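Secondary and tertiary structure notes
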Amino acid sequence: MAGRQIDVPRTVEKIGYPYPANTLDFLALGMGPKIAVVPEGVQRTNGWGLRLLTRMGYSNLTAKPAGFAGNAMNPEAILLAGPQIIFADTTNKTGINLIGEWGIAAVAVKFQLDSIDDCVNSIEWLASNFGDEDARKMAENFRSHVGATLADVEQRLSAVRDDGKPTVLLVNDNGNGSYTPMRNAIFLDNVRRAGGRSISSGPALAGTVGPEQILAWDPDIILLQTSTASGLQKFTTNDVLGTLRSVKGNRVFPVIASHGGRMENILSILYVAKLLHPDQFIDIDLSSEIGLFHERFLHVSISSEETAKYFREY
């Protein structure tokens, strides 16, 4: 750090942030009207994401200036938008210094979180420091909701022995015949809390792998992230991968809440737990849980048809 100090305005009216995955966090806290500059990924929002923004009254975010592509910044767009503060990733020391040179307050935030607990703490911190009374109440309700949900999941899985927990591979389909195991700490923690044994960690999983390595692992369940709606079908009808236990048993499923820090990670834990241990979660209606989550924290109602598509489109 350059040792420069920039005071945060007492009243903040304009903000910017680097990662599209955190958009709903800000909206849930009522900070949507303050968003002046967005990550470029927000401009490309489509499908369910765009419908949700529209339902919430924030489809205009897709037309906001794009100032960020991860840690890379577009000074012209940022300065034109004139945010008073920018939430910058703690790892982006160079960017934080540049923001200060522009006369904008940089607030260092750890965006890539390790667990749902970190997510709760992050939401609470944002609400406490930059939200109003309604935001603080929402953050308190979110903490209570997560605590109750995790306690229920833990109780349901209390009798499951470690050797009875399915092996899970979280993997990204790169679309070119190669695959990248997803090693984000929050994904792996979600699987652990959901009663699974992840094989997506460890130094051997750095970088990409081919179909042969996935065949060698032969996990009980695969959670797959693809860039296209047809990606899941292509994976499960691949001649080489057809001998996998997960493929033969129709146990390849899409990933949700695919960026650390999103409030929806609590839904992801429920989703994965029900996939891994259907008997223990037979009475859990995921569509109902999704609908209640959106009503309680995002203040929108979604139909049963939309909740049925949630895990496929989001």
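Residues numbered from 1 in each chain as written. Predicted model: local features only at pLDDT ≥ 70, side-chain atom pairs only at ≥ 80, totals over all residues. Heavy atoms only, no water.

1. Quick look at the overall build of the protein
The number of helices and strands found in the protein is 14 helices and eleven strands. Computed over its C-alpha atoms, the radius of gyration of the protein comes to 20 Å, within 12% of the 20 Å expected for a compact globule of 314 residues. Within the span of the protein, comprising 314 residues, buried residues form 48% of the whole. Taken as a whole, the protein presents about 14,700 Å² of accessible surface, with 48% of it coming from carbon and sulfur. Side chains of the protein give 29 positive and 34 negative charges; the mean places of these two sets differ by 1 Å. (Helix = DSSP H or I, 4+ residues; strand = E, 2+ residues; numbered from the N terminus. Rg over C-alpha atoms; globule rule 2.2 N^0.38 Å. Buried < 20%, exposed > 50% of the residue type's maximum accessible area, 1.4 Å probe, protein only. Areas by Shrake-Rupley, 256 points an atom, 1.4 Å probe, with all protein chains shown as cover. Lys, Arg positive; Asp, Glu negative; His and termini not counted. Charge placed at Lys NZ, Arg CZ, Asp CG, Glu CD.)

2. So, the packing of helix α8 (residues 185-193) against helix α12 (residues 265-276)
Running from N to C, α8 and α12 cross one another at 45°; their axes reach a closest spacing of 8 Å. The angle between α8 and α12 falls in the class oblique. For α8 against α12, the interelement crossing comes out right-handed. Where α8 abuts α12, its residues I186, N190 and R193 lie against N265, S268 and I269. Residues of the contact of α8 with α12, tallied by class, amount to two nonpolar, three polar and one charged. (Axes fitted to C-alpha atoms, helices over the stretch in contact; angles between N-to-C directions. Parallel < 35°, antiparallel > 145°, perpendicular 65-115°, else oblique. Left-handed = near helix turned anticlockwise from the far one by under 90°. Contact = heavy atoms within 4.5 Å. Nonpolar A, V, L, I, M, F, W, Y, C, P; charged D, E, K, R; others polar.)

3. What to know about the confidence of the model for the protein
Fine structural detail should not be taken from predicted coordinates in areas where pLDDT scores are low. Counting all residues, the mean pLDDT for the protein is 88, and 91% of those residues have values of 70 or more. Mean pLDDT across the elements of the protein bottoms out in helix α14 (residues 304-313) (70) and peaks in helix α7 (residues 133-156) (97). (pLDDT = per-residue confidence, 0-100.)

4. Re the nonpolar core
When a protein is soluble and globular, its nonpolar side chains tend to lie buried together. Within the largest apolar cluster, 50 residues are counted, with the highest numbers of intra-cluster contacts made by F87 and F142. Examining the composition of this core, we find that seven residues originate from one element, helix α6 (residues 116-130), more than from any other. Every residue in contact with F87, bar those within four places of it in the chain, is listed here: I15, G16, Y17, P18, F26, M31, V107, V109, F111, L126 and F130. The next biggest cluster of nonpolar side chains, apart from the first, holds 24 residues, and it includes M182, V191, A194 and L276. (Core = buried A, V, L, I, M, F, W, Y, C linked by side-chain atoms within 4.5 Å.)

5. As for the packing of α7 against helix α13 (residues 286-298)
Two elements in contact, α7 and α13, have axes whose closest approach is 10 Å; the angle formed by their N-to-C orientations is 155°. It follows that α7 is roughly antiparallel to α13 by the angle criterion. Contacts from M138, N141, F142 and H145 in α7 reach F293, R296 and F297 in α13. Grouping the constituent residues of the contact of α7 with α13 by class yields four nonpolar, two polar and one charged.

6. A few points about α12
An ideal rise of 1.5 Å per residue puts 16 Å on twelve residues; α12 measures up with 16 Å between its terminal C-alpha atoms. A large share of α12 lies buried, amounting to eleven of its twelve residues. Listing the buried residues of α12 in full gives N265, I266, L267, S268, I269, L270, Y271, V272, A273, L275 and L276. (Expected span 1.5 Å × (residues − 1).)

7. Some remarks on the layout of surface pockets
Its volume calculated, the second largest pocket comes out at about 240 Å³. As for the second largest pocket, its lining consists of L150, V153, E154, L157, S158, D162, K165, R192, R193, G195, G196 and R197. Listing elements by their share of the lining of the second largest pocket, those giving two or more residues are α7 and α8. Top element by residues in the lining of the second largest pocket is α7. It accounts for three residues. The residue makeup of the lining of the second largest pocket, split by class, is three nonpolar, three polar and six charged. (1 Å grid on protein atoms, 1.4 Å probe; cavity = no way out; pocket = protein on both sides within 12 Å on 5 of 7 lines; lining within 4 Å. Points joined across faces, edges and corners; volume = space filled by probe spheres on them.)

8. So, the side chain of D173
Relative to the helices and strands, D173 is located in strand β7 (residues 167-173). Put simply, D173 is tucked away with no salt bridge, and the nearest opposite charge, on K234, sits 8.2 Å away. There is a polar contact of 2.8 Å between the side chain of D173 and the backbone nitrogen of G175. Every residue in contact with D173, bar those within four places of it in the chain, is listed here: S178, Y179, L224, Q225, T226, G231 and F235. (Salt bridge = Lys/Arg side-chain N within 4 Å of Asp/Glu carboxyl O. Polar contact = N/O pair within 3.5 Å; in protein donor to acceptor, adjacent residues only side chain to side chain.)

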